[in-house]
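# Chain and residue survey
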Amino acid sequence: MINTALLSSGQPIRITTENNELFGLQQRSLFGARFDYKASNKLTLGGTFMTLTEKPLTQKVNYMEEPISNSIFGLDLNYSSPSRFLTKLVDKLPFISTKAPSSFTFSGEYAQLIPGHPSAINSGGDKGGASYLDDFEASRSVIDLKSAVPWQLSGTPQLFPESQLVDNLEYGYNRAKVAFYNIDPIFYNRGGTSNLPASLRNDRNALSNHYVREMIEQEVFPFKETSTGQSTVLPTLDIAYYPFLRGPYNYTPNGFSPNGNLNNPKSRWGGLMRRIDINDFEAQNIEYIELWVMDSYMYKPGSQGGDLYFNIGNISEDILKDGRKSLENGLPANEDPSKYDETNWGRVAKLQPVIQAFDNDPAARRAQDVGLDGLSNTNERIKFQQLIAQIKNQLNPDAALAFENDPSSDDYTYFRGGALDQSNAGS
Ligand SMILES: [Ca+2]
Ligand SMILES: [Ca+2]
Ligand SMILES: [Ca+2]
């Protein structure tokens, strides 16, 4: 306040400011035109047109904040003509004598406002435009479980009696192979810059397979509206379960077909688990699991199917149940026996590592990145020597070799690595 006289005047001072919150973001356009036409010295015609359009920031506009798109047009007419007849008429009036000629003038104007709104706020084929009192978007809180990263192998489910066994290989006898992943988008793009392996690039059948193709959100939610710029792809969590393939750390001594498949696939299980950071579901009002599942038997009509169980609550993280917390990055780089304990499953590090990362030294990493059993393939072969011999007896030579190469069945293969390309995986 520069002028102190205003302050000392004792008058109430009211200050208002403009709210410029959206200023500069919302685009407004004003166009106008004016036309004049002189038809003769007596008659002029004119027209005016103006339009004001506001571009909404989003398709969802709040009530009372609707953008406008208004047009105004006006027409006007002016006619002016000297009139000898009027002059004579006035002269006829008693006591009046005109000194100037009279003239006849007519002006007319017409204007109309055409109110409207930008077409961007039309919804559902209705041209009337829509504004929202509340879109209820914040009325629902969702815990998205679709990312594969937080998921990991689970321990044996309670439904299986062997789940009670501690430090006993029988705990894993029915573990079958389960794989869970999010499909890398490179597999959806067949374009020239695609990194797709050559075997897949031209295999339309493999790329259109419903289990691996790209899902569009509206296939599942036909009435879902996606605004411009928002992805229409529906991310999926893909789970592949192979009840006849031996799962990791399954050292069942019998029940194999000669090709290495497990007999009696109905008695097997595959499981994955993850944590959810919210622990009080009641306080957070978390009420249900919403699951949209693609028909797992689409290509096998009449199949008997399987069972899917959800266990919610406190779940044991002891995947190889021995009451020990095993950390690969705690394993000694030099295989120093004083730094680990040996259980029936393998090796458990005695060290408590501070960080969750492997050693920086690549040689040390080779000793650490060996799986939950803490055993490299060589050590797996040494530890389970007798079991391996017993199992190999039941297998054909190919299956026996594959079994011996990775006895714990815990080796990792990078999905974009050369090994899978060479075996034409996926096609
Ligand atoms: Ca354990
Ligand atoms: Ca291993
Ligand atoms: Ca292995």
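See the structure shown above.
Residues numbered from 1 in each chain as written. Chains lettered and ligands numbered in written order. Predicted model: local features only at pLDDT ≥ 70, side-chain atom pairs only at ≥ 80, totals over all residues. Heavy atoms only, no water.

### Side note on the coordination of the calcium ion (ligand 1)
Here the calcium ion (ligand 1) is held by the protein donor atoms D318 (OD), L320 (O), D322 (OD) and R324 (O), which lie 2.2 to 2.7 Å from it. Along the chain, the residues that donate to the calcium ion (ligand 1) are spaced as D-x1-L-x1-D-x1-R. Take L320: its relative accessible area is 7%, and that puts it in the buried class. The class of R324 is partly exposed, set by a relative accessible area of 30%. (Donors = N, O, S within 2.8 Å, 3.2 Å for Na, K, Ca; no water. Buried < 20%, exposed > 50% of the residue type's maximum accessible area, 1.4 Å probe, protein only.)

### Some details on the pattern of salt bridges
For the coordinates displayed, the defined rule picks out 13 salt bridges. For K146, the salt bridge goes to D144, with nearest N and O atoms at 3.6 Å. For D144, a relative accessible area of 48% gives the class partly exposed. Note that E404 is salt-bridged to K392, the shortest N-O span being 2.7 Å. Here E404, found in helix α9 (residues 397-405), pairs with K392, found in helix α8 (residues 385-392); they are 12 residues apart in sequence, far enough to count as distant. One salt-bridge network, held together by shared partners, links R34, D36 and D76. (Salt bridge = Lys/Arg side-chain N within 4 Å of Asp/Glu carboxyl O. Helix = DSSP H or I, 4+ residues; strand = E, 2+ residues; numbered from the N terminus.)

### Side note on a nonpolar patch on the surface
Together, I289, L291, V293, L308, F310 and I312 line one region of the surface with nonpolar side chains, adding up to about 640 Å² of accessible area. Relative to the helices and strands, I289 is located in the loop between β8 (272-273) and β9 (340-342). (Patch = residues over 30% accessible without salt bridge, like charges linked within 9 Å, V, L, I, M, F, W, Y side chains within 5 Å. Areas by Shrake-Rupley, 256 points an atom, 1.4 Å probe, with all protein chains shown as cover.)

### What about the environment of L320?
Position of L320 among the secondary structure elements: in the loop between β8 and β9. Along the primary structure L320 and F415 are separated by 95 residues, whereas in three dimensions their C-alpha atoms are 25 Å apart. Here L320 is in contact with Y249, W345, L372 and D373, once residues within four sequence places are set aside. (Contact = heavy atoms within 4.5 Å.)

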